[in-house]
Amino acid sequence: MKFDLDEEQTEIRDIVRRFTAQEIAPHAESWDELSYFPREIYIKMAELGLMGMTTPETYGGSMLGRLAGALVYEELAKGEMATAVGLSVHNMVTGSIARFGNEEQRQHWVSQLATGKLLGAFSLSEVSAGSDAASLQCHADRRDDHYILNGSKAWVTNGGEADIYLLMARTSNGVGSAGISCFVMEKGTPGFSFGKQERKMGLHSSPTRELLFEQCEIPVTNRIGAEGQGFKIALSSLDGGRINIGAVAVGVAQAAFEVASNYAKERQQFGHPIGIFQGIQFLLADMAMKIEASRLLVYQAAYKLDEGQSAGMYASMAKCFATDAAMEVTTNAVQVLGGAGYVRDYPVERYMRDVKVAQIFEGTNQIQRIVIARTLLGNLR
Ligand SMILES: Cc1cc2nc3c(=O)[nH]c(=O)nc-3n(C[C@H](O)[C@H](O)[C@H](O)COP(=O)(O)OP(=O)(O)OC[C@H]3O[C@@H](n4cnc5c(N)ncnc54)[C@H](O)[C@@H]3O)c2cc1C
């Protein structure tokens, strides 16, 4: 077992580290203040091959794989979490169409998504179907060679900005996951409009939007996979998405740790740098330990997915542990800075506001624990 990155992985990490330092970190504060969505950064990320990281080169992707992807998300999130999250969602869409779509769909959508011509969004949740996503109600009724969609979707990251929405809708009556199918919905389709834009605690430069469908007609050729396969496609996309969010959490936590440890070396109280006090040292030691443990869990889950091993439980462990750790680390980073941590002169308050949502989306951390326990114990009744 090796714990060092290989040459290619090191190169990818360093390229994205430089990109983040030059193109993202200097703007993160103003994007947050202005709730500005930096579409132009996605064009630049496409040039680096980041818009099709789990997509074969035949369709314009870079097929970097999950482990290299984790390095990318960690580096981006050190600069700004919102952009890393937007990229993760986009790659979930690109990768899912590449995996579950037919050849025509891949040629048509994947090549444009992977090269950044189109931006993707992933839409499973509804107002009444969050953790219990299989209870979703948005309906797609088959009429000859097309479907008519009615209903609404909630909480869509990249909503309004994305061109392509990978959407789960019910194609048969009855409850549960079996009647759910997966569709590509294109922005501008008649009957498809955007509802409310969420006003959030953090992640301000990541738009979160409601989608509305009224007698919205889409061709059968926009269905990805067979009827009834939608929930499986969604869950499979979420395995990768959860690893990405674990990596994002590691990046935010690492950035918070660096600010806090530098501050502890410089800030003087009682005639000494505050880092000399054991109360501060123990906070920093715990932060560093939890970041390292998170990183290893993320790498392990990514490795398993890359190797085609069963990775669901490991993805849940990585997501749950890393995001809980990042919440603790960012909160303690604010504590180490004292009053300076609570104001916007330092980025730690933004890290703390931003990272809270990582315990909620891609399945809440309670749901991750359920996935882990069910995998370990089986479905007890
Ligand atoms: C900023 C943001 C961006 C998002 N982006 C997307 C997106 O791009 N696409 C998308 O489809 N969705 C997205 N979501 C939705 C997100 O996935 C849901 O918010 C999440 O799955 C939780 O659903 P809920 O908010 O309805 O909470 P609920 O399901 O109502 O949960 C409320 C509480 O109850 C707990 N709970 C629920 N069931 C159980 C149980 N069985 N056992 C123990 N505890 C339980 C939950 O853990 C939580 O603490 C986003 C959400 C946010 C906030």
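Because the structure is predicted, anything quoted here is derived from the model rather than measured.

Asks: Help me understand the site of the ligand in this model?
Replies: Not every one of the 21 residues close to the ligand is listed here, only the nearest: Gly130, Ser131, Thr157, Thr364 and Gln366. The set of elements that each furnish at least two residues to the shell around the ligand consists of β1 (120-123), β3 (146-157) and α12 (365-377). Residue composition of the shell around the ligand, grouped by class: 11 nonpolar, nine polar and one charged. Lining the shell around the ligand are residues from two domains, each supplying at least three of them: domain 2 (121-230) and domain 3 (231-377).

Asks: Help me understand the pairing of strand β5 (residues 180-186), please; the structure alone is not making it clear to me.
Replies: As a general feature of sheets, a regular strand has side chains that alternate between the two faces. Buried residues dominate β5, accounting for six of its seven residues. Inspection of the sheet shows β5 paired to strand β8 (residues 223-224) by two bridges, in the antiparallel sense. Bridge pairing in β8 places Phe183 opposite Arg223.

Asks: Is there a simple way to explain the domain arrangement of the chain in this structure?
Replies: Interfaces are often described in size by the accessible area the parts lose on coming together. You can read the domains of the chain as domain 1 (7-119), domain 2 (121-230) and domain 3 (231-377). Distance from the C-alpha centre of domain 1 to the C-alpha centre of domain 3: 21 Å. The interface of domain 1 with domain 3 comprises 23 residues on the first partner and 24 residues on the second. Of all the secondary structure elements, the ones that give two or more residues to the side of domain 1 that touches domain 3 are α2 (28-34), α4 (66-79) and α5 (81-100). Looking at the side of domain 1 that touches domain 3, the element that brings in the most residues is α4, giving 10 residues. Of the residues in the side of domain 1 that touches domain 3, the class split is 11 nonpolar, six polar and six charged.

Asks: What exactly am I supposed to notice about helix α6 (residues 103-114) here?
Replies: Since the α-helix turns once every 3.6 residues, residues separated by three or four places project in the same direction. Taken as a whole, α6 has its buried residues at Arg106, Trp109, Val110, Leu113 and Ala114. Seen end-on, α6 carries its buried residues on one side only, within an arc spanning 120 degrees. Tucked inside the fold, the buried residues of α6 contact α5, β1, β4 (164-170) and β5. Residue Gly116 follows α6 closely and has a positive phi angle near 80 degrees.

Quick notes on the rules
The numbers attached to residues start from 1 for each chain and follow its sequence in the written order. Per-residue local features are limited, in this predicted model, to residues with pLDDT of at least 70; the limit for side-chain atom pairs, both in listing and counting, is 80 or more; totals at the level of whole chains, interfaces and linings are taken over all residues. By definition, a residue lies near a molecule or strand when the C-beta atom built from its backbone is within 6 Å of it. Each helix is a run of DSSP H or I of at least 4 residues and each strand a run of E of at least 2, with the numbering of both proceeding from the N terminus. Put simply, Ala, Val, Leu, Ile, Met, Phe, Trp, Tyr, Cys and Pro go in the nonpolar bin, Asp, Glu, Lys and Arg in the charged bin, and everything else, Gly too, in the polar bin. What counts as a domain boundary in this text is fixed by an automatic or database domain assignment. Burial is judged by counting other C-beta atoms within 10 Å of a residue's own C-beta: 20 or more means buried, 12 or fewer means exposed, and anything between counts as partly exposed, with every C-beta placed from the backbone. Strands pair, by our definition, only if DSSP identifies at least two bridges between them. Here, residues touch in the contact sense if the C-beta positions derived from the backbone fall within 7 Å of one another. As used here, the arc belongs to the directions running from the helix axis to the C-beta atoms.

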